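Each chain, letter by letter, is given below.
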Amino acid sequence: FLKALEDFPNCEATHFPNFDDLVEFISDKLINNRVIGWYQGGSEIGPRALGNRSIIASPIPHWMKDHINHDIKFREWYRPFAPIVLAEKAQDWFVMDFETPFMLHTVPCKKPFDIPAAVHIDNSARVQTLTKDHNEKLYKLIERFESISGVPVLINTSLNVKGEPIVESPDDALDLFKRSDVDVLVINNRMWIKDAKEQ
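Residues numbered from 1 in each chain as written. Predicted model: local features only at pLDDT ≥ 70, side-chain atom pairs only at ≥ 80, totals over all residues. Heavy atoms only, no water.

Engineer: Help me out: how do you make sense of helix H5 (residues 136-149) in this one?
Structural biologist: Under the 1.5 Å per step criterion, the end-to-end length of H5 is 20 Å for 14 residues, consistent within 8% with the ideal 20 Å. Buried within H5 are the following residues: Leu138, Tyr139, Leu141, Ile142, Phe145 and Glu146. Seen along its axis, H5 keeps its buried residues to an arc of 160°; they face one direction. Looking at the buried side of H5, the elements it contacts are helix H2 (19-31), strand E2 (36-39), strand E3 (53-57), strand E4 (82-86), strand E6 (124-130) and strand E7 (153-158). (Helix = DSSP H or I, 4+ residues; strand = E, 2+ residues; numbered from the N terminus. Expected span 1.5 Å × (residues − 1). Buried < 20%, exposed > 50% of the residue type's maximum accessible area, 1.4 Å probe, protein only. Arc of directions from axis to C-beta. Contact = heavy atoms within 4.5 Å.)

Engineer: I tried to follow the pairing of E4 on my own but got confused; where do I start?
Structural biologist: For a regular strand, the rule is simple: side chains alternate between the two faces of the sheet. With five of five residues buried, E4 lies mostly within the body of the structure. Pairing analysis gives four bridges linking E4 to E7, with the strands arranged antiparallel. Note that in E7 the partner of Ala82 across the bridge is Asn156. Where E4 lies against E6, three bridges are found, and the strand directions are parallel. (Pairing = 2+ DSSP bridges.)

Engineer: Which parts of the structure should I look at to understand the pattern of salt bridges?
Structural biologist: Proximity of charged atoms lets side chains of opposite charge pair with each other. Counted under the stated rule, the structure contains eight salt bridges. Here Asp20 ties to Lys140 by a salt bridge, and the two come within 3.3 Å at their closest N and O atoms. Placement of the pair is Asp20 in helix H2 and Lys140 in helix H5, with a sequence separation of 120 residues. Where Arg144 meets Glu24, a salt bridge forms, and the shortest distance between an N and an O atom there is 3.8 Å. A residue pair is termed long-range when its members are at least 10 positions apart, and Arg144 in helix H5 and Glu24 in helix H2 qualify at 120 residues. Residue Arg144 is classed as partly exposed on the basis of its relative accessible area of 31%. The class for Glu24 is partly exposed, based on a relative accessible area of 45%. Ionic contacts of the salt-bridge type, sharing partners, join the residues Asp20, Glu136 and Lys140 into one network. (Salt bridge = Lys/Arg side-chain N within 4 Å of Asp/Glu carboxyl O.)

Engineer: Teacher, can you tell me more about the packing of H2 against H5 here?
Structural biologist: In helix packing, the relevant descriptors are the interaxial angle and the interaxial distance, both defined with respect to the helix axes. It is the contact of H2 with H5, at a shortest axis distance of 9 Å, that shows an interaxial angle of 50°. Here H2 lies oblique to H5, going by the angle between them. The hand of the H2/H5 crossing is right-handed. For the pair H2 and H5, contact is made by Phe19, Asp20, Val23, Glu24, Ile26, Ser27, Leu30 and Ile31 and by Lys137, Lys140, Leu141, Arg144, Phe145, Ile148 and Ser149, respectively. Of the residues in the contact of H2 with H5, the class split is eight nonpolar, two polar and five charged. (Axes fitted to C-alpha atoms, helices over the stretch in contact; angles between N-to-C directions. Parallel < 35°, antiparallel > 145°, perpendicular 65-115°, else oblique. Left-handed = near helix turned anticlockwise from the far one by under 90°. Nonpolar A, V, L, I, M, F, W, Y, C, P; charged D, E, K, R; others polar.)

The following block contains the structure:
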């Protein structure tokens, strides 16, 4: 598997012994509107990815939803994406006074113009709240993204394309990475980036 990824044209592999260094690098890519395939730890269970097999992206550019739907998920343009938000910041961004770690509740967004790619046409969103205890790695990434952008929110959608199950294995992740416009693939502490010299 690792050899196959390293042989992928125009794709450079990097290992980060320190996860915090990876977080800093990926948060910079998110700020620059790159789309990340995020593969960490054990498999997801249930109908939605909650941070172990996810596609993550900045919710700030209005065009991001169309880009992910059309060029990565290969699905209808109107399909929405869920925001994942640091739990302690959720009330600042959404009309809610509870946690929803399993992405089960749809609520109004207080700042829809700040995160247009993560809200529905009616300015509501199916929110996932995140605590450090639930997923420390993804929490650190969103925390770092907020320190740069002022936004404690990322788009979180399942790491798959239309009509296929959520990615299970590294080989599945590689296959999706090859045939979609995901810019960066992260598997645990290892990262691959397309057209590395240009990014």
